[in-house]
Amino acid sequence: GAVVSQHPSWVICKSGTSVKIECRSLDFQATTMFWYRQFPKQSLMLMATSNEGSKATYEQGVEKDKFLINHASLTLSTLTVTSAHPEDSSFYICSARVGLAGQETQYFGPGTRLLVL
Amino acid sequence: GENVEQHPSTLSVQEGDSAVIKCTYSDSASNYFPWYKQELGKRPQLIIDIRSNVGEKKDQRIAVTLNKTAKHFSLHITETQPEDSAVYFCASRNTGTASKLTFGTGTRLQVTL
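Residues numbered from 1 in each chain as written. Chains lettered and ligands numbered in written order. Predicted model: local features only at pLDDT ≥ 70, side-chain atom pairs only at ≥ 80, totals over all residues. Heavy atoms only, no water.

Draft legend 1. Structural view of the overall build of chain B. Within chain B one finds zero helices and 11 strands. Secondary structure elements in chain B, listed N-terminal to C-terminal, are β-β-β-β-β-β-β-β-β-β-β. On C-alpha atoms alone, chain B measures out to a radius of gyration of 14 Å, which is about the 13 Å that the 2.2 N^0.38 rule sets for 113 residues. Principal-axis analysis of the C-alpha atoms gives chain B an extent of 45 × 30 × 20 Å. Per-residue burial for chain B yields a buried fraction of 42% across its 113 residues. (Helix = DSSP H or I, 4+ residues; strand = E, 2+ residues; numbered from the N terminus. Rg over C-alpha atoms; globule rule 2.2 N^0.38 Å. Buried < 20%, exposed > 50% of the residue type's maximum accessible area, 1.4 Å probe, protein only.)

Draft legend 2. Here's a closer look at the sheet that holds strand β1 (residues 4–7) of chain B. Residue and element names in this part refer to chain B. Spatial strand order, β1-β3-β8-β7-β6: five strands in an open sheet with antiparallel pairing. Each end of this open sheet is capped by a strand with a single partner; those strands are β1 and β6 (56–59). Going across the sheet, the axis of each strand differs from the next one's by a mean of 15 degrees, ignoring polarity. Sheet topology note: the β6/strand β7 (residues 62–67) ladder contains four bridges and is antiparallel. Residue pairing across strands places Glu 56 opposite Thr 65, the latter belonging to β7. (Pairing = 2+ DSSP bridges. Axes fitted to C-alpha atoms, helices over the stretch in contact; angles between N-to-C directions.)

Draft legend 3. Here's a closer look at the pattern of salt bridges. Residues and elements named next belong to chain B. Evaluation of the coordinates by the stated rule reveals seven salt bridges over all chains. Salt-bridge contacts for Glu 39 lead to Lys 37; the nearest nitrogen and oxygen are separated by 3.7 Å. Overall, the relative accessible area of 33% leaves Glu 39 in the partly exposed class. Among the residues examined, Lys 37 registers a relative accessible area of 14% and is labelled buried. Here Lys 57 and Asp 49 are joined by a salt bridge, their closest N and O atoms 2.8 Å apart. Residue class for Lys 57 comes out partly exposed when judged on its relative accessible area of 36%. (Salt bridge = Lys/Arg side-chain N within 4 Å of Asp/Glu carboxyl O.)

Draft legend 4. Focus on the environment of Gln110(B). For Gln110(B), the location among the structural elements is in strand β11 (residues 107–112). Not counting chain neighbours up to four residues away, the residues in contact with Gln110(B) comprise Leu11(B), Ser12(B), Val13(B) and Ser85(B). (Contact = heavy atoms within 4.5 Å.)

Draft legend 5. Region of the structure containing the interface of chain B and chain A. Each partner contributes to the interface: chain B provides 19 residues, whereas chain A provides 23 residues. Counting the surface lost from both chain B and chain A, the interface buries some 1,600 Å², and carbon and sulfur atoms represent 47% of this. Our count for the chain B to chain A interface comes out at two salt bridges. One salt bridge connects Arg93(B) with Glu104(A), and the closest N-O pair in it is separated by 3.3 Å. At the junction of chain B and chain A, the tally comes to 10 residue pairs in polar contact (both at pLDDT 80 or more). (Buried area = accessible area lost by both parts, 1.4 Å probe. Polar contact = N/O pair within 3.5 Å; in protein donor to acceptor, adjacent residues only side chain to side chain.)

Draft legend 6. Local environment of the pairing of strand β8 (residues 72–77) of chain B. Residues and elements named next belong to chain B. As paired elements, strand β3 (residues 19–25) and β8 share six bridges and run antiparallel to each other. Residue pairing for β8: Lys 22 is matched across the bridge by Ser 74. As paired elements, β7 and β8 share six bridges and run antiparallel to each other. Directly across from Thr 65, in β8, lies its bridge partner Ser 74. Hairpin remark: β7 followed by β8, antiparallel, with four residues in the connecting loop; positive phi at Lys 71, about 55 degrees.

Pasting the structure below:
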């Protein structure tokens, strides 16, 4: 399958700081990427859909000013958690869609574990 | 929006037995149903998927069935092995330009020796 990378794999930061997470499609171009958050022993919750060259679409309840998404190229999307707080600690996973319209498949990055102290 | 229910939440089987995980979805327009396997601390990995124009798909020990009328789909793992132990998520995707995956709540499968 297609390869999606994510960086960093884990990060520890102080409360109030901002953290940037990168998601890259390594062997394909992705016009659409997705950002998920997963708390321990829970399912994946979609935060936002990242569209290359346009604004991201956020799910209900997700603060767009807190979780800044930039999809500046066909192979890179970034998620910035601004003014992070302990409740933002979670496993953040990006995903990219690949394939022809109507036949798309979605692959996930390895995830970024964020711990806010 | 779409709602996906998944059962059971935990499943323990002996090595060599079969395991079945079931999901139901609410949006009749959904047309794509993937299954992901997630090991602890790792990314979800696509193990099999099925599209709405197909009723069954098989890949070695793994099979998925889809009943569009009843809006449910199931994952079947035969001859289970200890390395099958993981959390399995079903998902459904709606149609249209704003299509997205909606995930089930997950099933923790434990294959015992």
